[in-house]
Each structure stands twice: as C-alpha cells, then as structure tokens.
Amino acid sequence: MSAVPSERLSLLLLLAIGAAMVGSLTAATAAAPARETPPTKPAHAVVPERLTGIPVSQLLVSMPAGARVPEAQLRRDVWLLAHPDWEGRGIGTAGIDSAANYLALRMRAIGLAPGGDDGTYFQSLEVTTGVEVGEPCAIEIAGNRFAAGEDFEPIGFSTNGRLKAPLVFAGYGISAPGYQYDDYAGLDVRDKLVLVLTNEPGEMDSTSRFDGSVNTAHAELRTKAIVAREHGALGLLVVNGPRHHAGEPLRAPRRDGAGYMTSGLLAASVSERLAERMLAGSGHTLRELQDSIERDTRPASVALADSATVMVTLRRTRATTRNVVGVIAGRDSARTLVVGAHYDHLGFGGESSLAADSHAPHVGADDNASGTAAMLGVATQLAARAAARTPQHHLVFCAFTGEEIGLLGSGHFVDQPTRPLPTVETMINMDMVGRLSRNRLAVSGTGTAAEFPAMLAAVNASTGGFEIKSSEDGYGPSDHSSFYKRRLPVLFLFTGAHVDYHKPSDTPDKLEYAGLARITQFCAAVVESLDARPRPTFHQARSDSTIGRIAGGAGYGAYLGTIPDYMQTEGGVLLSGVRSGGPAEQAGLRGADTIIQFDGVHVDNIYDYTYALRSRKPGQQVRITVKREGGNMDFVVTLGRRP
Ligand SMILES: [Zn+2]
C-alpha cells in the first residue's frame, strides 16, 4: 500500500498553493477536453490566460537569486503530479490535461515565457490511444453466432474484415527452432484460421525446455500472430489453456497503450467453451491436447472438420496531447539549450505495465514526476539567476508528453521545433531521478560531445559530488534519443531502475527528495557551465545498451545495428540511422531506408521487424529489402551479436 493521501486533489491544492488559487485550478481541471475533442485545436489551450490576475507567486517558495532549490518545492510538485486523481497521466485521460495545465501554470509562476504554439505554453500533437470495438464483431460456428463479449473478443492488433475459413488447431502456435519445437511442422495452414493456446509449453515448470517460470518471446501474442501469418494463415484465434488458465475471462482489446499497428491478419480470443466446440468433431478435447503436448513437449496439431466465420471491426481512437514548453530568453538568438523531462505515464496500466492486468492509476512518481519536478526546479533556479544576469543561450524547458508510448512528444518537438533545431547546442534529459541510492548518478551521453567528460567532472567537483556512472551512448529509452538522432549532443540523468518501475507502486513516498534536490542543483550547474562555454563539439558516441536492458528491453541474440524511427508506424520500418560500425552500416544500409522485408519475413511495422531479428542467430546471413528513394534495394547482411 502506498502512503498517498486520501484527500481529494482540490484539498491537496488548497494546502499546497493557497485558497486563492483553488477556484481557478478546479476550473482548469473542469476545462480539460472531452476525449473526442477534434485534434486540431484543443479547447483548453487558453487555460493559463484565464488565470491572469491570480496570485501565482504563491506557487513559488520565495527564493533569492542563486539559492538552492528548496526540497519542499520538489516534493510538492512530485506529490501533485503523482496524485491518483490525475489518472496516471495516461494519454487521453483528463488527468494528463490537468497535469499539463498545472505545468503551464508553474512555468508562468517561475517566470518562463510561453514557448509553445501561438504564444501559449502548449505544443499539441495527435496520437493513437487505443482501439474500440465496432460492428460487426462476431464469430459464427456451425450456425451459431457469438458477438464480442464473453466468448469472443478481437485482439487490438487484428485487421478489420470478414473471413470464412477452415479451422486448424496449431497447439501453442509456436515455431521455435532454438527450442527444437514447432507446432507448424507438417501442418498446412494456408488460407486457414488457426486456433492456438496462449503462452508456451512448460508454463510454471522449472524443468521446461522453454524458460519455465518466465515466458519467452514465443509466448507473446504478437509473435504468434506473425508466425501464423508467415505460415500463410488468414486468421488467428487464441484460447487460454485449461491447465493453468481455466475460466479466465477474455481480455478486451487494449484501450490504452501504444500504436495498435496491425498484425496483418484477423485475430481474436475465444473462450474455452467455444474452442471445445471447434474441436468437437476431431475426437479430442482441449485439455487432452494440451496434456499431450505437455507430457513430452511434442506438438499435437490437428486439422479440424469445421470452419468458422470471423468478423472484426476495430476503430482506432485518437487524442490530442500536449508538450508544455517555457523559455528564458538569452542574449544570443543563435544559441539554445534544452532541458527536458517527460510528464506522461502509463495511465491505468496497459501494455507497458509490469503489474499484470492492473487497472490502478500508475502514478509514476519516479517515472517521471521526479524528472519533471527537477526540470521545474532547474528552471526556477536559472530564472532567478537570469533576473540578475541574462544568459547567453535561450534556455528552453520542455515537459514532454507521449514518452511512454514511443517518445512521441520529443519526436514531435524535434520535427517541429519551437526554436530552430540547429541552434540547439545540448539537450539535457531527466527521466527517473528520484531514487538516488549510494550516491550513484547515471549520466549517459558523455561521448556525444568532446567537451562533456571534463565539463561534467568539473561541475561534479564543485556542485554535486556524485559517484557518476557514465555511459558514452546518446541513445537510450527516453527523450534525449529524439535529439541525438538529429545529431545533437545530449546528456541523460538517471538514478536507476527499481522493483516499482512501471507499477502502481511507484509512489511519491518512496522518493529520495534530498537526492532529487541535489540532482536539480547539479543539472542547473551543468546548464550554467554550458551557457558559459562555446558550442560543444558533436561526436557520434560508442553504443552501449545497458540502460535499454535495465528498462526492460529483452536481450536477444542477433544484432543488426539499426535505429528505427519511433514516429513511423506502418508500411515498413523507417530507419533514422544506423549504428557506426554495426552490421547494417557495413552492409550499406543507412538512415531514411525503410525495411520492408527481412530474410523472407514481410515487415510492416516494428513488431514484425523485432520478430524477424529475434528469430535469427548471430553470424547468420540474411537478405534485407529496403525502400530507398522510390525503389527497392536488396542487401545481404551478416548479423552480429548484440553488444
Ligand atoms: Zn517509463
């Protein structure tokens, strides 16, 4: 249980920022847009204007120029941003809009000028937030129709359409040469509907040929869909196996989470009851077939006598979401420094949650109310200094949205920068900086400019005193990647992963506020140091995927060395670059190529691509087809080993 207070947010605000503000902030919350707001112009873009005349000074702890950022202010920002009433700051919730309004208010109170669109603090972008079930959505077996609900549910990555086809039971739907296991061996599924079990053989069995207690990538529904498609099937039906999941309700197609890129076939979950009906004519039961596979880890695939008709209609839901941007104007318009942190989180869970099927608000105190509060703290400190002495650079402070669903806010910012991108000399990103332990601060990107190592050492000696664990790489699973992709020097501050990562238990009571204050201080000193220097010299840094692994990237074997563009969704995988010295570069692939075929696997999106790469081994030669300048080109690449 968390120690988050049970008072309503309005009361919390009352305590936090004084009675004079409450009416207006409540109004700001109420003015948050309905989810179906048309994407072009958010109705609430004007909210901060309505707050004119409010004693916003009360938002700030009074602070003389050059003073330390008070811990109390960081604590208050974190507790407010991570309040459960703000719905885990999920894209498409009213909560994230309230959080954005709050951030704009804070930026104004700090004295930042609006740095977004049309003289506001906001920069809007439209994103896909989920799918909704439309009509028709049903399955017909032997003249009986089952609508979406208890016995039949489309999967979020299904294509739309209607299909009548023969049924084939394909065990777990796995082709895994690495485990000497193939449900498709000797089975003809071309133009058919395959029925498969969820998960993989040996679930909960420590002696399993697979990994046993933890599922491998072969258990993922995405993988099963791609495998079925690559074997020529037109549809996939999945059923929970009775051994471990008897009677579990079907999952509704995700209404929250990333992309919803389609898998290229019709896909749905069916109940055990329905699966038994499909098997009825075969003389087998689901339980018996599953037991048989489990007994000796041998497939028990079988063509069925019946056919079924599947109809799926899914609508993708879209929402407008906002970056919040504030600026301290500097003396030289050709020079910019950016300090950023994402303020969105996982909402009520979804695909990225590590708390299985949780629907509690994922309040994200460390991820990333901590970085957002620190970014405001840095702004507070530098605004106080700027009042005495104008900085050289324009200092841009960004609270990014959509980080958790693919760096969308920062991707939008570098695509449509509010200041010319070439003027950006360094981007500093803070993501998860609230759990300083044993005085260890991870700083990545130290190899992205020649001057960084010495500069950081000097700043750390005077302000900080951290045990810095540095990594040269400019790529990582957060917003600085968007800037580094554009060949800009970046620095990324991070206090490390922990057991509460991406769970509802990432609560504000668990943060190390004294450490957060010190990191804020350190970050402000880094900005000041950069402000006093000539432009750093950009370097393409050595890559190091340590942080990617910490944050949940599975370590699979084969390595190609590509940098997919997160903004791209379908029609192939667009590369924003290739890693220097990697297999892709050596074979001649380059940025702006779109991969459409990988060793015979059709690549429509990042999931197809990941699958194709995972299913090959280091040292293997593969043929890759890319779209380049309107034509197709083939490359033969020898896959490397993941560094
Ligand atoms: Zn996160």
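Residues numbered from 1 in each chain as written. Predicted model: local features only at pLDDT ≥ 70, side-chain atom pairs only at ≥ 80, totals over all residues. Heavy atoms only, no water.

- The name recorded for the chain in an unreviewed UniProt entry is M28 family peptidase, from Eiseniibacteriota bacterium.

1. Considering the coordination of the zinc ion
(1) Moving on: Donor atoms from the polypeptide that coordinate the zinc ion comprise Asp367 (OD), Glu404 (OE), Glu404 (OE) and His502 (NE2), at 2.0 to 2.5 Å from the metal.
(2) Moving on: Given 4 donor atoms and angles of 56 to 147 degrees at the metal, the environment of the zinc ion is assigned as irregular.
(3) Moving on: Sequence spacing of the donors to the zinc ion: D-x36-E-x97-H. Residue Glu404 is located in the loop between strand 15 (394-400) and helix 11 (408-415), and its partner His502 is located in the loop between strand 19 (490-494) and helix 14 (513-531); the two are separated by 98 residues in the primary sequence.
(4) Moving on: Judged by relative accessible area, Glu404 falls into the buried class, the value being 13%. (Donors = N, O, S within 2.8 Å, 3.2 Å for Na, K, Ca; no water. Tetrahedral: all angles 85-135°; square planar, octahedral: opposite > 155°, others 65-115°. Helix = DSSP H or I, 4+ residues; strand = E, 2+ residues; numbered from the N terminus. Buried < 20%, exposed > 50% of the residue type's maximum accessible area, 1.4 Å probe, protein only.)

2. A look at the side chain of Thr309
(1) Moving on: With respect to the element layout, Thr309 can be found in strand 12 (residues 302-312).
(2) Moving on: According to the relative accessible area criterion, Thr309 is buried, its value standing at 4%.

3. Notes on the pairing of strand 13 (residues 314-328)
(1) Moving on: Along strand 13, 12 of the 15 residues are buried, which leaves the element largely enclosed by surrounding structure.
(2) Moving on: Strand direction decides the pairing type here: strand 1 (residues 113-114) and strand 13, joined by 2 bridges, are antiparallel. Looking at strand 13, one finds that Pro114 is bridged to Gly326.
(3) Moving on: In this sheet, strand 13 lies alongside strand 2 (residues 122-133) in antiparallel orientation, the contact comprising 11 bridges. If you follow Phe122 over to strand 13, its bridge partner there is Val324.
(4) Moving on: Where strand 13 lies against strand 15, 5 bridges are found, and the strand directions are antiparallel. Across the sheet, residue Val324 finds its bridge partner in strand 15, namely Ala399. (Pairing = 2+ DSSP bridges.)

4. Brief notes about the nonpolar core
(1) Moving on: Grouped together as the largest cluster of nonpolar side chains are 71 residues, with contacts concentrated most on Val324, Phe397, Met430, Leu493 and Val526.
(2) Moving on: With near-sequence residues (within four places) excluded, Val324 lies in contact with Ala100, Leu103, Ala104, Met107, Tyr121, Phe122, Tyr343, Phe397, Cys398 and Ala399.
(3) Moving on: Within the second largest apolar cluster, 39 residues are counted, among which are Val189, Leu560, Phe598 and Val637. (Core = buried A, V, L, I, M, F, W, Y, C linked by side-chain atoms within 4.5 Å. Contact = heavy atoms within 4.5 Å.)

5. Observations regarding the sheet that holds strand 4 (residues 144-147)
Sheets are built from strands paired through backbone hydrogen bonds, the pairs being either parallel or antiparallel.
(1) Moving on: Strand order across the open sheet formed by 8 strands is 4-3-12-6-9-10-11-5, with mixed pairing between neighbours. The open sheet has two edge strands, strand 4 and strand 5 (152-154), and neither has a second partner. Going from strand to strand, the sheet's axes swing by 30 degrees on average, the running direction of each strand aside.
(2) Moving on: For strand 6 (residues 161-169) and strand 12, the ladder comprises 8 bridges, and the chain directions are antiparallel. Within strand 12, the position partnered with Gly161 by the bridge is Val312. (Axes fitted to C-alpha atoms, helices over the stretch in contact; angles between N-to-C directions.)

6. Re the packing of aromatic side chains
(1) Moving on: Taken as a whole and assessed by the stated rule, the structure comprises 11 aromatic pairs.
(2) Moving on: Centre to centre, the rings of Phe400 and Phe483 are 6.1 Å apart; their planes meet at 55 degrees, and the pair counts as tilted. Taken as a pair, Phe400 in strand 15 and Phe483 in helix 13 (residues 480-484) lie far apart in primary sequence, 83 residues in all. No difference in accessibility class separates Phe400 from Phe483, as the two residues are buried.
(3) Moving on: Centre to centre, the rings of Phe598 and Tyr609 are 6.1 Å apart; their planes meet at 75 degrees, and the pair counts as edge-to-face. (Phe/Tyr/Trp six-rings, centres within 6.5 Å; stacked < 30°, edge-to-face > 60°.)

7. Examining the pattern of salt bridges
(1) Moving on: This structure, assessed with the given rule, holds 24 salt bridges.
(2) Moving on: We note a salt bridge from Asp97 to Arg322, for which the minimum N-O separation is 3.3 Å. In this pair, Asp97 is assigned in helix 5 (residues 94-110) and Arg322 in strand 13, connecting sequence segments 225 residues apart. An identical accessibility class is assigned to Asp97 and Arg322; each is buried.
(3) Moving on: In this structure, Glu140 and Arg145 form a salt bridge, with 3.0 Å as the shortest nitrogen-oxygen distance.
(4) Moving on: Looking at Glu140, the relative accessible area reads 26%, which means it is partly exposed.
(5) Moving on: A single salt-bridge network, built from bridges that share partners, covers Arg435, Asp500, Asp506 and Lys510. (Salt bridge = Lys/Arg side-chain N within 4 Å of Asp/Glu carboxyl O.)

8. Notes on unusual backbone geometry
(1) Moving on: Geometrically, the link from Glu135 to Pro136 is a cis peptide bond, its omega value of -5 degrees lying close to zero.
(2) Moving on: As for its placement among the helices and strands, Pro136 is situated in the loop between strand 2 and strand 3 (138-141).
(3) Moving on: Here the amide bond leading from Asp367 into Asn368 is cis, since omega sits at 5 degrees, within 30 degrees of zero.
(4) Moving on: Within the secondary structure, Asn368 sits in helix 10 (residues 365-388).
(5) Moving on: Phi is positive for Asn199, which is not a glycine, with a value near 65 degrees.
(6) Moving on: Here Asn199 is to be found in the loop between strand 9 (193-197) and helix 6 (221-230).
(7) Moving on: Classification of Asn199 by relative accessible area gives buried; the value is 14%.

9. Side note on the packing of helix 4 (residues 71-81) against helix 5
(1) Moving on: For the pair helix 4 and helix 5, the least separation of the axes is 11 Å and the interaxial angle reads 160 degrees. Classed by the angle they form, the pair helix 4 and helix 5 counts as roughly antiparallel. Across the interface between the two elements, Gln73, Asp77, Leu80 and Leu81 from helix 4 touch Ala99, Tyr102, Leu103 and Arg106 from helix 5.
(2) Moving on: When its residues are assigned to classes, the contact of helix 4 with helix 5 shows 5 nonpolar, 1 polar and 2 charged. (Parallel < 35°, antiparallel > 145°, perpendicular 65-115°, else oblique. Nonpolar A, V, L, I, M, F, W, Y, C, P; charged D, E, K, R; others polar.)

10. Here's the deal with the packing of helix 4 against helix 14
(1) Moving on: One way to put it is that helix 4 packs onto helix 14 with a least axis distance of 9 Å and a crossing angle of 105 degrees. When the axis of helix 4 is compared with that of helix 14, the two are roughly perpendicular. For the pair helix 4 and helix 14, contact is made by Glu71, Leu74, Arg75, Val78 and Trp79 and by Tyr513, Ala514, Leu516, Ala517 and Thr520, respectively.
(2) Moving on: Split into classes, the residues belonging to the contact of helix 4 with helix 14 amount to 7 nonpolar, 1 polar and 2 charged.

11. Describing helix 9 (residues 286-296)
(1) Moving on: Buried within helix 9 we find Leu286, Leu289, Gln290, Ile293 and Glu294. Buried residues of helix 9 fall within an arc of 130 degrees about the axis and therefore sit on the same side.
(2) Moving on: Phi turns positive one or two residues past the end of helix 9, at Thr297, with a value near 45 degrees. (Arc of directions from axis to C-beta.)

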